[in-house]
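Report on the structure
Below are the chains, spelled out letter by letter.
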Amino acid sequence: WKNNLKKAAKNGLEFEPVERVEKFHSEEFIKIYSEMSRSKSIGIPFNAELIEKLCSTGEFKLFFVLINGVRIASTIIFQRNESALSLYAASGSIARSTSASYFMYDELFKYLADSGVKTFDMGKLLPSKEPVNNVFLFKNGIEGKHIQLNGEWARYSNPFYRFSMYFVKRYILKRKEI
């Protein structure tokens with residue numbers, strides 16, 4: 001993390017908290033998220049209108065990182081009282097090459113601390129062999145406390161399926177069911 005923050009400092013990045021989210025802000029977020037989703041082969045579960053509506057509540061907040069006036073990374077968080085949690089984050093190729101995500105979270109943590117936030121939940125993401133594993137490695141690099149809030153939940157209409165899935169997960173996939 002420290003090396004990436006030093007790298008980010010050399011790139012002249014700017015942190016932009018958006019006080020009042022308008023349509024063009026939402027479209028900028030979608031643009032950045034679309035670039036990231038193509039590179040990771042993941043879908044986009046929202047549209048610009050939804051982002052704008054969420055952020056109009058006052059509890060959802062949008063932040064950007066800029067380089068030379070161009071938005072290259074973004075995050076949406078939920079904040080209430082002394083707690084906040086990460087909802088979505090996006091970074092494009094320029095952001096990845098300039099360590100913008102490290103800069104963004106470092107500045108975000110300062111912003112939240114100044115706002116009275118004491119806890120920040122990075123969201124659940126387990127290690128994997130998928131392209132999203134880099135997100136796990138990124139989150140794991142933050143100096144914080146790991147807390148498991150809930151295990152895995154599954155419901156099967158046939159009791160035989162539950163036993164079968166337990167066997168597959170425990171002995172074939174080597175995952176421990178909680």
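Source: prediction; values computed, not measured. (Residues numbered from 1 in each chain as written. Predicted model: local features only at pLDDT ≥ 70, side-chain atom pairs only at ≥ 80, totals over all residues. Heavy atoms only, no water.)

**Structural notes on a nonpolar patch on the surface**
- The grouping of Tyr 166, Phe 167, Tyr 171 and Ile 172 at the surface amounts to a nonpolar patch, some 420 Å² of accessible area in total.
- Position of Phe 167 among the secondary structure elements: in helix 7 (residues 159-172). (Patch = residues over 30% accessible without salt bridge, like charges linked within 9 Å, V, L, I, M, F, W, Y side chains within 5 Å. Areas by Shrake-Rupley, 256 points an atom, 1.4 Å probe, with all protein chains shown as cover. Salt bridge = Lys/Arg side-chain N within 4 Å of Asp/Glu carboxyl O. Helix = DSSP H or I, 4+ residues; strand = E, 2+ residues; numbered from the N terminus.)

**Quick notes on the packing of aromatic side chains**
- The full count for this structure, using the stated rule, is nine aromatic pairs.
- Ring centres of Phe 63 and Tyr 111 lie 5.1 Å apart, and the angle between their planes is 75°; this geometry places the pair in the edge-to-face category. Of this pair, Phe 63 sits in strand 2 (residues 60-67) while Tyr 111 sits in helix 5 (residues 100-114), and the two are 48 residues apart along the sequence.
- With a relative accessible area of 1%, Phe 63 lands in the buried category.
- Relative accessible area serves as the criterion here: at 23%, Tyr 111 is assigned to the partly exposed category.
- For the ring pair Phe 109 and Phe 120, a centre distance of 5.4 Å and an interplane angle of 70° mean the geometry is edge-to-face. Of this pair, Phe 109 sits in helix 5 while Phe 120 is found in strand 5 (residues 119-121), placing the two residues 11 residues apart along the sequence.
- Within the aromatic cluster, the residues linked to one another by ring pairs are Phe 15, Phe 63 and Tyr 111.
- Arg 71 extends its terminal NZ or CZ atom over the ring of Phe 64, reaching a point 4.7 Å from the ring centre. (Phe/Tyr/Trp six-rings, centres within 6.5 Å; stacked < 30°, edge-to-face > 60°. Buried < 20%, exposed > 50% of the residue type's maximum accessible area, 1.4 Å probe, protein only. Lys NZ or Arg CZ within 6 Å of the ring centre and 35° of its normal.)

**Details of the sheet that holds strand 4 (residues 83-91)**
- Taken together, five strands build an open sheet; the order of strands is 1-2-3-4-5 and the sheet is mixed. The sheet terminates laterally at strand 1 (13-18) and strand 5, the two strands that pair on one side only. Averaged over all neighbouring strand pairs, the angle between strand axes comes to 25°, with direction disregarded.
- Note that strand 1 and strand 2 share six bridges and pair antiparallel. What sits directly across from Glu 16, in strand 2, is Phe 64.
- Seen against the sheet, helix 3 (residues 48-55) touches strand 2, strand 3 (70-80) and strand 4 and runs at an angle of roughly 115° to strand 2. (Pairing = 2+ DSSP bridges. Axes fitted to C-alpha atoms, helices over the stretch in contact; angles between N-to-C directions. Contact = heavy atoms within 4.5 Å.)

**Digging into the environment of Thr 75**
- Counting through the fold element by element, Thr 75 comes out in strand 3.
- Judged by relative accessible area, which is 0%, Thr 75 ranks as buried.
- Taking C-alpha positions, Thr 75 is 9.1 Å from Val 65, a pair spaced 10 residues apart along the chain.
- Residues within four places of Thr 75 in sequence aside, it is in contact with Phe 29, Lys 61, Leu 62, Phe 63, Ser 86, Tyr 88, Ala 89, Met 104, Tyr 105 and Leu 108.

**Considerations on the side chain of Ser 74**
- Along the chain, the position of Ser 74 falls in strand 3.
- Residue Ser 74 is classed as buried on the basis of its relative accessible area of 0%.

**Notes on the confidence of the model for the protein**
- On average, residues of the protein score 80 in pLDDT, and 77% of them are at 70 or above.
- Within the protein, no element has a lower average pLDDT than helix 6 (residues 133-140), which sits at 56, and none a higher one than strand 1, at 95. (pLDDT = per-residue confidence, 0-100.)

**Overview of unusual backbone geometry**
- Here Asn 68, not a glycine, exhibits a phi torsion of approximately 50°, which is positive.
- Along the chain, Asn 68 turns up in the loop between strand 2 and strand 3.
- Residue Ser 99 is not a glycine yet carries a positive backbone phi of 60°.
- Positionally, Ser 99 belongs in the loop between helix 4 (93-98) and helix 5.

**Topic: the nonpolar core**
- Among the nonpolar cores identified, the biggest contains 19 residues, and Leu 13, Val 65, Ile 72, Ala 100 and Leu 108 are the most heavily contacted of them.
- When contributions to this core are tallied by element, the ones reaching two or more residues are strand 1, strand 2, strand 3 and helix 5.
- No other element matches the six residues that helix 5 contributes to this core.
- With residues near it in sequence (within four places) discarded, Ile 72 still touches Leu 13, Ile 32, Val 65, Ile 67, Ser 91, Gly 92, Ile 94, Ala 95, Thr 98 and Ala 100. (Core = buried A, V, L, I, M, F, W, Y, C linked by side-chain atoms within 4.5 Å.)

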